[in-house]
Amino acid sequence: MSEPHPPGVLVTHGQALTIRVCRGSRSAIVAVEGESDSASAHRLGRELRALCSRYTLVVVDCLGLRFLGSTGLTVVLDAHLHAKARGNVLRLVVNTPAVLAVLHVSRIDRELAVFGTMNDALTT
């Protein structure tokens, strides 16, 4: 039996990645938990692109993300570019050393807005 979720919250469970989406009037928060590998990244990418088309601000909460592979990096960057082309913004909240290292080594942290807390991502 699945847990009830508040209105506006979508929960998608996969083998490696759980995606929770909370939609507001102009913004959406996407919480990802688990591992974003090649099998789960495409599902995340579809969700992010759709949200970046509709909302002026999309914040991806990666605090529960343990692994971000190259396909996951690609879909996040693609969603960022998709949002930017529409005048919208995609921000990441990351504090996991392994995920921060991947963002730094790939230099994607120079292109994307990366914050250490949700509060910083929402108020900046």
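Relevant structure appears above.
Rules of the game
Residues numbered from 1 in each chain as written. Predicted model: local features only at pLDDT ≥ 70, side-chain atom pairs only at ≥ 80, totals over all residues. Heavy atoms only, no water. Pairing = 2+ DSSP bridges. Helix = DSSP H or I, 4+ residues; strand = E, 2+ residues; numbered from the N terminus. Right-handed = clockwise from strand over helix to strand, strands pointing away. Axes fitted to C-alpha atoms, helices over the stretch in contact; angles between N-to-C directions. Parallel < 35°, antiparallel > 145°, perpendicular 65-115°, else oblique. Contact = heavy atoms within 4.5 Å. Nonpolar A, V, L, I, M, F, W, Y, C, P; charged D, E, K, R; others polar.

(A) Quick peek at the pairing of strand β4 (residues 57-68). Where strand β3 (residues 27-36) and β4 come together, nine bridges link them in parallel fashion. Bridged to Ala 31 within β4 is Asp 61. Traced from β3 through helix α1 (residues 38-54) to β4, the parallel crossover comes out right-handed. Two strands pair when backbone bridges link them, and β4 and strand β5 (residues 89-93) are joined in this way by five bridges, in the parallel orientation. Residue pairing in the sheet places Asp 61 in a bridge with Val 93 of β5.

(B) Fine view of unusual backbone geometry. One non-glycine residue, Arg 107, lies in positive phi territory at about 65 degrees. For Arg 107, the location among the structural elements is in the loop between α3 (97-105) and β6 (113-115).

(C) Region of the structure containing the packing of α1 against helix α2 (residues 70-85). Interaxial distance between α1 and α2 falls to 8 Å at its minimum, and their mutual angle equals 10 degrees. Taken together, the axis directions place α1 and α2 in an arrangement best described as roughly parallel. Contacts from Ser 38, Ala 41, His 42, Gly 45, Leu 48, Arg 49, Cys 52 and Ser 53 of α1 reach α2 at Thr 71, Gly 72, Val 75, Val 76, Asp 78, Ala 79, His 82 and Ala 83. Tallied by class, the residues present in the contact of α1 with α2 amount to seven nonpolar, seven polar and two charged.

Geometry only, nothing functional implied.
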